[in-house]
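# Breakdown of the fold
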Amino acid sequence: MKRKLVALLLAVSMLLALTACGKKNAKDPSNGELVDGKFTTTRSITVEVYDRDGKTPADNNVWTDWIKKQMLERYNVEVTFKAVPRWTEVDQINNLLAAGEAPDICYTYSYPTILTYANMGGVTDLNPLLTQYKDLLPELWNWLGDENIYYDQDPTTKTVWCVEGRRNNTYRINTFVRQDWLDKLGMKAPTTTEEFEKMLVAFKDNADKLLGKDAAQMIPMMLTFDVGWTAAPIIESFMDPKITDKELYINGYDDRKFTENGTKEAIRLLNKWYNNGLIWKDFALYSSGDTMSDDLCKAGYVGAFIQNYDYPFRNGPDSFNAMLAKTYGPEAKFVAINCFNDKNGKYTHFSYSAAGDRKAFFPLTNKEPLASLLYLNFISSPEVIQYLQIGEEGINHDKLADGAIQIKAVDEAHIAYNQNSGQNIDLTMTCNGLRLSTVELTQKSLAYTYAEVDPKDVANAMVVAEQDAVSPKNVNVGEIASEAEGTDLTGKRDKTYDNAVVCSVADFDKVWDEGMKEYLNAGGQAIINERKAAWEKTYGNKENLD
Amino acid sequence: MKKVAKNAGLEKTGKKVKFSVYMKRYWQLYLMLALPIIYLLIFKYAPMRYILIAFKDYKLNTKLLDMPWASTAGQVDIFKYFKKAMNVDFYNALRNNVVLNLLDLFFGFPAPIIFALILNELPFKFFKKTVQTIAYMPHFLSWVIIYGLSLQLFAPTGGLVNQLIMLTGHEAVPFLNESKHWIVTYVGMGIWQSFGWGSIIYLAAIAGINPELYEAASVDGAGRFSKMWHVTLPGIKSTIVVLLIMNLGGIIGGSFDRVFAMQNNLVLDVAETIATFVYKNGVKQLRFSLSTAVGLFQSVVGLFFLLGANTLSRKLGERGIW
């Protein structure tokens, strides 16, 4: 009897499981319209948010709660956030798209990802929606304008797969050196590439003096597996300062400058430094998202590194400079410098353009395009951006005497108010960079936006980032089909960069040339050719845009 | 229960027993069997129709049968994605895949057998159990963690082992950042991770050997080694052969996580295998047709290896796996 009962139970549970699978999600089919800008029936959307392993869950904290509440009140739209790891976002979003589980509103820095998915019929064309609902989206237009909204519009098919977020400042990348090490050695900050090298050698030779018992840990210069980024100003200084817009565009498949003229010589220099023990030996072993390189900088073993213009100031008490000050005293800190001179003696390096930040797009699985557009509209409102960026007075910021906003670290009692990303950038999807109610206030507050960091260092980093900076122009010549071809070019690029840095000086030419050949054969050349043809089709003989 | 008793002994009459009779008698057991069968049908066989994607141009939001056949420039070309996939990188990955798996087989396959033989000779039960448990442990670590451990131990400047080597005045050994060394590390880590766990099945087989055989061998004057060689090993031979066949079947397969976690840019030329190739050039780039094509290729070749190994083992007088 018992056996029968068990068997019966099993059979029933199986049947139940099967029927449950077949059941369709019942959904309200009515197309409830907006009344006074509000949906008559509650709509639900999911929104992507980057996850940086912050102090609170990325998809559930004070700020996301606030957004949810606001969206419900304003539009009767229920928002659910979906966390995606920041440093592997492209891989992750690909996986989500492939699984059909992508959020209704996705954002990514990678346009090729969107394009590939769009070509498979997986992305909503925003063009008709934007036209239809323009009147409902005043804040979106105010903030992004036609330029960013139609930035990626295909000139022939008129499709718009995504809207481009806007950068309120275009600072991109800086070189940082340990000010206190320079002082200890009685050196001045380097002003040329040659002096930078001398400084590295001095760091190495004086490891005992600078690090005492930890002398063996000395790393004169940090580098990561992403050489095209963590050596960018060096590479860019080897490019021709007179490079034409056309040449820049043709080689501009990604911003790591791999195929530019001059890059090889820049890497040859890095190869020399590596072989002379000036660069971290283990750099290629730690891949994207690993914090080892950051940890070594925080521990105080690193003399110089290249990263985002504000990198050592990020994360308040956990920032590089705050950590260094804690361990070695207030004079221990990284300061930004320009020292990689091009052949004209200037510090040419690339900044961002105001358009071309994160791109927001709707996968075709999005059944609530209007509610999603309203979300973009909401998140672009000045007061929403300001609140998310500076938070609550007394908790996240103080007002200084001149009215400027000084960001401060939240105390333990208000840990819930911690911003998981600087200025909540991961939530202000359409805005990158401080944007307060007035331009004047923004300017005044810029240097004060990092808690527990000397505002003078921040101000200096901004000046340095802007000096001789070149902003790339928007070249829209339609879809470059070979870019969506799908070979892992980024992987090949990084592989060649890494191997060329670590190989012996004698092998350098061979390693670089073979790696470059492999990259070009795998699709790099096809992209260059297609970009060249597309440029010439659109702009004719022009070498530069106006 | 009465019915069962009534039908008992049907087989002895020599008549052919009908399926329905079995069904009547053992329906509870068949019902139990239904569960795994349904599982296999739903999760292993039903998805197989998607093999078709390898021959079609994949479109989202389109039913499988409505997707157009793969075509180049308007011409139907159902092997398009196979041709596309089989580029230089693919052959490189295939070579690495086979080489790494052969090395694994050559060094990794005997390890659990030897370990099981040694364990079997241990007279102290407590010690034996302790060693066994410790040896099982790495099996439960994910490869990501194992790679983390290997970085802590073997990184050129940050690794403990290399720091010790450098303290003795020698050059750091590039365990992880030079191709040949990396292969050794890769195979070694693989053995370390799996030999304990792998030995379970051999220990079970050894336990099944008739103790009288050992007694007889002792009477004949066999020592420990002779007993191992003439009793234990022949006793677990069929187990070894079955596992060998299954391993050969996987020679161009292989796990994704192990190699993906352990590879880095400096050793990619020897570390890229088919699984990571497919991930990077297929899945990551949303090229499902290409991924499926490579997966199908892998399965078909794997099947041939399996069949080949099976035939070979039968020729050698073993049972094979079917």
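Keep in mind the model is a prediction, meaning the values are calculated, not measured.

Conventions and cut-offs
Residues numbered from 1 in each chain as written. Chains lettered and ligands numbered in written order. Predicted model: local features only at pLDDT ≥ 70, side-chain atom pairs only at ≥ 80, totals over all residues. Helix = DSSP H or I, 4+ residues; strand = E, 2+ residues; numbered from the N terminus. Rg over C-alpha atoms; globule rule 2.2 N^0.38 Å. Buried ≥ 20, exposed ≤ 12 C-beta atoms within 10 Å, placed from the backbone. Contact = placed C-beta atoms within 7 Å. Pairing = 2+ DSSP bridges. pLDDT = per-residue confidence, 0-100. Domains from an automatic or database assignment. Axes fitted to C-alpha atoms, helices over the stretch in contact; angles between N-to-C directions. Parallel < 35°, antiparallel > 145°, perpendicular 65-115°, else oblique. Left-handed = near helix turned anticlockwise from the far one by under 90°. Nonpolar A, V, L, I, M, F, W, Y, C, P; charged D, E, K, R; others polar.

Glancing now at the overall build of chain A. In terms of regular secondary structure, chain A is built from 21 helices and 16 strands. Over its C-alpha atoms chain A spans a radius of gyration of 26 Å, differing by no more than 12% from the 24 Å that the globule rule assigns to 546 residues. For chain A, the spread of C-alpha atoms along the principal axes amounts to about 80 × 70 × 60 Å. The buried share of chain A, reckoned over its 546 residues, is 45%. Looking at chain A alone, contacts between residues at least 24 apart form 76% of all its contacts between residues at least 6 apart.

So, on to the overall build of chain B. Tallying secondary structure elements over chain B gives 16 helices and two strands in all. Rg of the C-alpha trace for chain B: 26 Å, well past the compact-globule value of 20 Å for 322 residues, more than 25% over. Buried positions account for 27% of the 322 residues belonging to chain B. In chain B, of all internal contacts separated by at least 6 residues, the share reaching a separation of at least 24 is 60%.

The side chains of a regular strand alternate between the sheet's two faces. All names here are of chain A. With burial as the criterion, each face of strand E10 (residues 334-337) is covered, one bearing Phe334 and Ala336 and the other bearing Val335 and Ile337. Relative to E10, strand E7 (residues 173-178) runs antiparallel, the two being bridged by four bridges. Bridge assignment links Arg178 to a residue of E10, and that residue is Phe334.

Residues and elements named next belong to chain B. For chain B, the average pLDDT comes to 88, and 94% of its residues sit at 70 or higher. For chain B, helix H1 (residues 2-7) is the element with the lowest average pLDDT, namely 46, and helix H9 (residues 179-207) is the one with the highest, namely 94. Under a pLDDT of 50 for its full length, residues 1-11 has, in the predicted model, eight contacts with residues more than four places off or in other chains. Overall fold confidence (pTM) sits at 0.84, and the ipTM for the predicted complex is 0.82.

What follows deals with the sheet that holds strand E5 (residues 106-108) of chain A. All names here are of chain A. Across the sheet, which stays open at both edges, the four strands sit in the order E5-E12-E6-E15 with mixed pairing between neighbours. Where the open sheet ends on each side, the last strands, each with one partner, are E5 and strand E15 (431-432). The pairing of strand E6 (residues 163-167) with E15 spans two bridges and is classified as parallel. Looking at E15, one finds that Arg166 is bridged to Cys431.

Bringing the domain arrangement of chain A into the picture now. All names here are of chain A. Along its sequence, chain A is organised into domain 1 (34-168 + 358-384) and domain 2 (173-350 + 472-539). Measuring from the centre of the C-alpha atoms in domain 1 to the corresponding centre in domain 2 gives 32 Å. The interface is formed by eleven residues belonging to domain 1 together with nine residues belonging to domain 2. The element best represented in the side of domain 1 that touches domain 2 is helix H4 (residues 111-119), accounting for four residues.

A few words on the packing of helix H10 (residues 211-219) of chain B against helix H11 (residues 224-235) of chain B. Residue and element names in this part refer to chain B. Contact pair H10 / H11: the axes reach a minimum separation of 10 Å and the direction vectors enclose 135 degrees. Judged on the interaxial angle alone, H11 and H10 are oblique. Helix-helix and strand crossings are classified by hand; for H10 and H11 the assignment is right-handed. Here Leu213, Tyr214 and Ala217 of H10 lie close against H11, whose contacting residues are Ser226, Lys227, His230 and Val231. By residue class, the composition of the contact of H10 with H11 is four nonpolar, two polar and one charged.

Counting residues at the interface gives 28 residues for chain B and 32 residues for chain A. Looking at the side of chain B that touches chain A, its residues break down into 14 nonpolar, nine polar and five charged.

All names here are of chain B. Along its sequence, chain B is organised into domain 1 (2-55) and domain 2 (86-315). Each of domain 1 and domain 2 has a C-alpha centre, and the two are 36 Å apart. Contact with domain 1, which involves four residues of that partner, is made by five residues of domain 2. A per-class count over the side of domain 1 that touches domain 2 returns four nonpolar, no polar and no charged.

Our focus in this paragraph is the sheet that holds strand E9 (residues 302-308) of chain A. Residue and element names in this part refer to chain A. With respect to topology, four strands assemble into an open sheet ordered E8-E9-E7-E10, the strand pairing being mixed. Where the open sheet ends on each side, the last strands, each with one partner, are strand E8 (219-221) and E10. Strand-to-strand twist of the sheet, defined as the mean angle between neighbouring strand axes without regard to direction, takes the value 35 degrees. Bridge count for E8 against E9 is two bridges, and the pairing is parallel. Directly across from Met221, in E9, lies its bridge partner Ala304.

Quick look at the environment of Pro112 of chain B now. Residues and elements named next belong to chain B. Structurally, the position occupied by Pro112 is in helix H5 (residues 110-121). Taking C-alpha positions, Pro112 is 40 Å from Ile53, a pair spaced 59 residues apart along the chain. Not counting residues within four places of it along the chain, the set of residues in contact with Pro112 comprises Phe195, Gly198, Ser199 and Tyr202.

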